[in-house]
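What follows is the residue order along each chain.
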Amino acid sequence: MTLPFTHVDWAAIAPLEVLAATGLLVLLLDLVLRPFAPRALSLGIAILGTIATAVMIGQQYGTNVAAFNGGYIVGNFSVLFGGVVLLGTLGALALMGRGGGDRESAGTIALLLWSACGALLLAGASTTMTVFLGIELLSLSLYCLCGLADRASAREAALKYLLLSSTASAVLLFGMALLFGASGSVSLAALATPAMVGNPLFWMGSGFFLVGIAFKLSLVPFHAWAPDVYEGAPLPITAFMTVVTKAATIAIFARFAYAALPSGASQMLLLPIWIVAGISMIVGNVGMLAQHDLKRLLGYSGIAQVGYILAALAGTTRLGLRYAFFYLAVYAVMNLGAFAVAAALSTGDAEEGAKLETYRGLGARRPLLAAAMTFFLLALAGLPPTAGFLGKILILAATAGSGYLWLAALLLVGTAISLYAYAKVIMAMYRPDHRVRTVELGTSAPLPWVSLALCLVATIAFTFYPLLPTGLFPLVK
Amino acid sequence: MLLALVLLPILAGSAMLLSRGEDRRVYRGIGVVVALATLAIAIAARSDDWSVPWLRAPFVANFHLGIGTLAFWLIALLALCTACAVLAVDSARPRALVGQLLLLEGTMLGLFISRDLLLFAFFYDLMLVPVFFVLLERGEHPRDAWRYIIYNFAGGLLLLFATAAFGVLHGTTDVIGTAGNAISGTWAPWIFWGFAIAFLVKTPAFPLHTWMPNTYASLPAPVAAVVGAVQSKAGLYGFFVIALALMPQEVARYSGTLIVLGSISLLYGAVAALVQTDAKRVVAYSSLSHLGLIVIAIATQQPLALAGAALYIIAHGLFTAALFIGLGYVEEREETRSLARLRGIGAKNPRLAGALTIAGLAMLGLPGLAGFVGELVIITGIVQSGNIAVAVVAVISVVLASAYVLRLFQGIVNGPVVHDLPVRRDLSWREGIAIAPLLLALLYLGVNPHAVLAGGAVAIPRAPLSSTSGVSTP
């Protein structure tokens, strides 16, 4: 066995370095300038740093470099998933600009950026060691961030997330250890050999690995933590988790499913995942029906949406990966848009926009915000003229094309249920109702509005200019 | 031009929704001008063809617009109905209503001029949204909005699935306006039923009709007119340009099922219309009955029956719109739609009673009005195709139609004036102009059906089917 890190390629991970350094800079500036510097300065630096990272990642498009002896692979795959991660980070930062939220200080912003670093690492990780490094970097910061708001549910969320996510990490790590025992290497590529098919260690290891991933993706039956955690965490952090955590974990899952499994074992090993994805579509959408909290609702919606994305991967076809990525990107903008509306209705820790009762009669009180929320909810349900519609049909084409008709059927059923759940919110907004709350709503802070407008434009534009990625392969070296 | 045809009503409607003010005259004026402008554009752009690429994988899809023969008549019907409906709007909050009507027109125009299946599915779902919002804001019960959107969205999802499967197998969805057996093999029945169920929900046909009576009764009269007259035709139009044109073998294979469903709709709708106590529901169930006849005509694939179906689609649209608008006037004046309460409109408002009577006579198939020609040609076609039993069922339903129409009119129009109902003025000029064009069109098509019948003979596209095998792979 050779040490995996004999060659250090700092250039390949330059974007991660910039992002991490931005976090440090935010923290240091806050230390020095605290009496003078408003939070806006920290936020501004963080946003600029994230955009700079995005530009640097963008410049890696079209390259194909295996850094750290294949531990971190720079390619279109990592660039695109990294792009979604940064999109989610920017969206979360924009929501932090909603005013109030005293505890969302420079330290919070720094933790968020470092968490995003972990997600970026996952986008390119191709050995089990880098995978674990990325997952822990992503999660450790989030444990703190979840408990940020001053309310009991936030403390509950943080503790729950810490306990359950650590358990998932342990399962994942155990799987990795078994896989290492099977192949004698930490590289994912080393698993894709025919010799593995007869090796019980490989089967057990892969099983544990996939269970860990399913946990992190909050797939049924490992989904119960997600709505609770999302409800307790502050709005920006919830937005971050629904987009960034999912994107990074799907990246890992896709790399594992496409590149690390020998062809003889792939179909059988992954079948439970497709089944679980199908069940998630139903359970997630049914779960939405009974919610009174927007963050919980979007949490359940996220469970179902991950199911859709995985449905595109069923059969592990090359086209399927492209559509899964397309839908992931679309989901990111639709979801961030919905969160931006909620943020525009909130001030600080009160988070009026997260309570569904706030939306009663909103159509008359704040017509523009109500229209925007309607748009994003219909997009999540997959109605035209939004990219959600196009994403659905591409997933259907991929799923049906690779012969998983039952998965396509579950997708149709789930989508029909989901429309009912989303439309309940819409109805609350437009149906004349005497129980309209009289609380003062909304913030004058510009950032949520900017984020909202950008998400709106993107959701429509993706319908007419579907940017389907190419050159995602090879995933390992 | 074709793009403007879709965008003009959509942009005008959106601008209206975002504007402020509730001046009825302004919104009605703009609405009528926009609706008539779309008619003018449609006539001018009748032979245009416009296409821009959309998808290259997993199948080829284009933003491809063009006006087919049947589509042209449906567009004319749509523009006319929209103009009349907008003119008939008499709400205290006309802005949103007229805006939604224009959005509805724009999305349905998009549906009728789509040359691409994916674009067709796009508009098929999109046209649900304006109606859903009208039902939410003005419907009688939230349940009606649910039923409408869930039923139709589920149908739309099946359409989406069928479209995706069609695209993957055939290589392109840019096929509307061509004809041939596009799909064969084990997938063909699945795809066919995906399309067929979606269309049967929209039409609607038994047993997928349960959303319809509530929706029509709950919608404000002008919107009910457009939805009942034109949106219900989206499914039948789909049968013509998709099922009949691209999968005639499958239609032939399952014609028995379709004929049975159509016959049940035909009889059940007629019987149900006989016992309704709500005037709007009588029209709703009669719609189920009449459109069932068209489903049968489509299932036989007999050229004469198809030509009759094309004519009857237009005729049904005209008299349904006229009836809904007319019943809307009745409701405004009498503040009830209950047949148990309504009496003696003929004595109070003779002009209104006359308009209702002409529309009703067209519905029961009086010779000289367009409904008669459509029914006659369809039944002749069914007889020619050898389905004598079905023709008998159709004739029975025609007799039942006379019964429920006469019941409706004896109830509303005849009889002594009810004293505890308010007495209001008769039709104003505006209200009259909003219903007259529909009645005149019924008369015109009744004496000169050839205008549409000739078109109906070529309602199914004749251009040979083209296939692109060049699906790009990554």
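In this text the structure is predicted, and so the values were computed from the model without any measurement.

What to know about the overall build of chain B
What chain B contains, in helices and strands, is 21 helices and four strands. Its C-alpha atoms give chain B a radius of gyration of 21 Å, near enough to 23 Å, the size a compact globule of 474 residues would have. Each of the three principal axes of chain B carries a C-alpha extent, and together these read 75 × 55 × 40 Å. The buried share among the 474 residues of chain B stands at 66%. Contacts in chain B between residues far apart in sequence, at least 24 positions, make up 82% of those at least 6 positions apart. Carbon and sulfur atoms make up 66% of the accessible area of chain B, which amounts to about 14,900 Å² in all. Charged side chains in chain B number 28 positive and 22 negative. The centres of these two groups are separated by 3 Å.

Quick look at the overall build of chain A
Counting its secondary structure elements, chain A contains 17 helices and two strands. What you see for chain A is a C-alpha radius of gyration of 21 Å, in line with the 23 Å of a compact globule of 477 residues. Taking the principal axes of the C-alpha coordinates as reference, chain A spans close to 70 × 55 × 40 Å. Sorting the 477 residues of chain A into buried and exposed places 63% on the buried side.

Brief notes about the interface of chain A and chain B
Counting from both sides, the interface comprises 38 residues of chain A and, opposite them, 35 residues of chain B. Contact between chain A and chain B buries roughly 3,300 Å² in total, counting both sides, with carbon and sulfur atoms accounting for 85%. It is Phe389, Ile393 and Arg431 of chain A in chain A that bury the most area against chain B; as a group they hold 17% of the surface buried on that side. Where chain A touches chain B, the interface holds zero salt bridges. Linking chain A with chain B are two residue pairs in polar contact (both at pLDDT 80 or more). Where the side of chain A that touches chain B is concerned, the elements lending two or more residues are helix H12 (318-344), helix H14 (367-381), helix H15 (387-401), helix H16 (405-430) and helix H17 (446-464) of chain A. Examining the composition of the side of chain A that touches chain B, we find that twelve residues originate from one element, H16 of chain A, more than from any other. Across the side of chain A that touches chain B, the residue classes tally to 29 nonpolar, four polar and five charged.

Structural notes on the confidence of the model for chain A
When pLDDT is averaged across chain A, the result is 90; 95% of the residues are at 70 or more. Within chain A, the lowest mean pLDDT, 86, falls on helix H13 (residues 362-365) of chain A, and the highest, 95, falls on helix H11 (residues 294-313) of chain A.

Some details on the pairing of strand E1 (residues 49-55) of chain B
All names here are of chain B. By the bridge criterion, six bridges tie E1 to strand E2 (residues 61-66) in an arrangement that is antiparallel. Residue pairing in the sheet places valine 52 in a bridge with phenylalanine 63 of E2. Connecting E1 to the antiparallel partner E2 that follows it, the hairpin turn spans five residues.

Remarks on the confidence of the model for chain B
Of all residues in chain B, 96% have pLDDT values of 70 or greater, and the mean over the chain is 89. Of all secondary-structure elements in chain B, the lowest mean pLDDT belongs to strand E4 (residues 463-464) of chain B, at 62, while helix H5 (residues 117-126) of chain B reaches the highest, 95.

Re the packing of aromatic side chains
By the definition in use, this model includes 43 aromatic pairs over all chains. Ring geometry for phenylalanine 253 of chain A versus tryptophan 274 of chain A: centroids 6.0 Å apart, planes at 90°, classification edge-to-face. Here the residue phenylalanine 253 of chain A occupies a position in helix H9 (residues 235-259), and tryptophan 274 of chain A occupies one in helix H10 (residues 263-288), the gap between them amounting to 21 residues. Seen in terms of ring centroids, phenylalanine 195 of chain B and phenylalanine 199 of chain B are 6.1 Å apart; in terms of plane orientation they differ by 20°. Their pairing is stacked. Of this pair, phenylalanine 195 of chain B and phenylalanine 199 of chain B are both found in helix H8 (residues 187-202), four residues apart, which corresponds to roughly one turn of the helix. Taking relative accessible area as the criterion, phenylalanine 199 of chain B reaches 0% and is therefore assigned buried. Over the aromatic face of phenylalanine 473 of chain A sits the side chain of arginine 318 of chain A, whose NZ or CZ is 4.2 Å from the ring centroid.

A short note on the pattern of salt bridges
Residue and element names in this part refer to chain B. Under the defined criterion, the tally for this structure stands at 22 salt bridges over all chains. Salt-bridge contacts for aspartate 278 lead to arginine 281; the nearest nitrogen and oxygen are separated by 4.0 Å. Here aspartate 278 ties to arginine 337 by a salt bridge, and the two come within 2.8 Å at their closest N and O atoms. You can see aspartate 278 sitting in the loop between helix H13 (255-275) and helix H14 (279-300) and its partner arginine 337 sitting in the loop between helix H15 (303-334) and helix H16 (345-348), a full 59 residues away along the chain. Assessed through its relative accessible area of 13%, aspartate 278 is described here as buried. A relative accessible area of 12% means that arginine 337 is categorised as buried.

Comments concerning the packing of helix H3 (residues 69-88) of chain B against H15 of chain B
Residues and elements named next belong to chain B. Interhelical geometry of H3 versus H15 gives an angle of 5° and a closest axis separation of 10 Å. Taken together, the axes of H3 and H15 are roughly parallel relative to one another. In this structure, H3 contributes Leu70, Trp73, Leu74, Leu77, Leu80, Cys81, Cys84, Ala85 and Ala88 to the contact, and H15 contributes Ala310, Ile313, Ile314, Gly317, Leu318, Ala321, Ile325, Tyr329 and Glu332. Of the residues that constitute the contact of H3 with H15, the class distribution is 16 nonpolar, one polar and one charged.

What about a nonpolar patch on the surface?
All names here are of chain B. A cluster of nonpolar side chains, Leu3, Leu7, Leu11, Trp50 and Val52, forms an exposed patch at the surface whose accessible area comes to about 400 Å². For the nonpolar patch, the secondary structure elements donating two or more residues are helix H1 (2-18) and E1. You can see leucine 11 is positioned in helix H1. Using a relative accessible area of 54% as the deciding quantity, one classes leucine 11 as exposed.

Concerning the pairing of E2 of chain B
A regular strand places its side chains on the two faces of the sheet in alternate fashion. Counting buried positions along E2 of chain B yields six of six residues, so the element is predominantly enclosed. Neither face of E2 of chain B is exposed, since Ala61, Phe63 and Leu65 of chain B on one face and Asn62, His64 and Gly66 of chain B on the opposite face are all buried.

A closer look at the state of the cysteines
Tallied over the entire structure, the rule returns zero disulfides over all chains. Free cysteine: cysteine 144 of chain A, not disulfide-bonded; nearest cysteine sulfur from cysteine 146 of chain A at 9.1 Å. In this structure cysteine 81 of chain B is a free cysteine whose sulfur lies 6.7 Å from that of cysteine 84 of chain B, the closest cysteine sulfur available. The exposure class assigned to cysteine 81 of chain B is buried, which follows from its relative accessible area of 1%.

About the criteria used
Residues numbered from 1 in each chain as written. Chains lettered and ligands numbered in written order. Predicted model: local features only at pLDDT ≥ 70, side-chain atom pairs only at ≥ 80, totals over all residues. Heavy atoms only, no water. Helix = DSSP H or I, 4+ residues; strand = E, 2+ residues; numbered from the N terminus. Rg over C-alpha atoms; globule rule 2.2 N^0.38 Å. Buried < 20%, exposed > 50% of the residue type's maximum accessible area, 1.4 Å probe, protein only. Contact = heavy atoms within 4.5 Å. Areas by Shrake-Rupley, 256 points an atom, 1.4 Å probe, with all protein chains shown as cover. Lys, Arg positive; Asp, Glu negative; His and termini not counted. Charge placed at Lys NZ, Arg CZ, Asp CG, Glu CD. Buried area = accessible area lost by both parts, 1.4 Å probe. Salt bridge = Lys/Arg side-chain N within 4 Å of Asp/Glu carboxyl O. Polar contact = N/O pair within 3.5 Å; in protein donor to acceptor, adjacent residues only side chain to side chain. Nonpolar A, V, L, I, M, F, W, Y, C, P; charged D, E, K, R; others polar. pLDDT = per-residue confidence, 0-100. Pairing = 2+ DSSP bridges. Phe/Tyr/Trp six-rings, centres within 6.5 Å; stacked < 30°, edge-to-face > 60°. Lys NZ or Arg CZ within 6 Å of the ring centre and 35° of its normal. Axes fitted to C-alpha atoms, helices over the stretch in contact; angles between N-to-C directions. Parallel < 35°, antiparallel > 145°, perpendicular 65-115°, else oblique. Patch = residues over 30% accessible without salt bridge, like charges linked within 9 Å, V, L, I, M, F, W, Y side chains within 5 Å. Disulfide = S-S within 2.5 Å.

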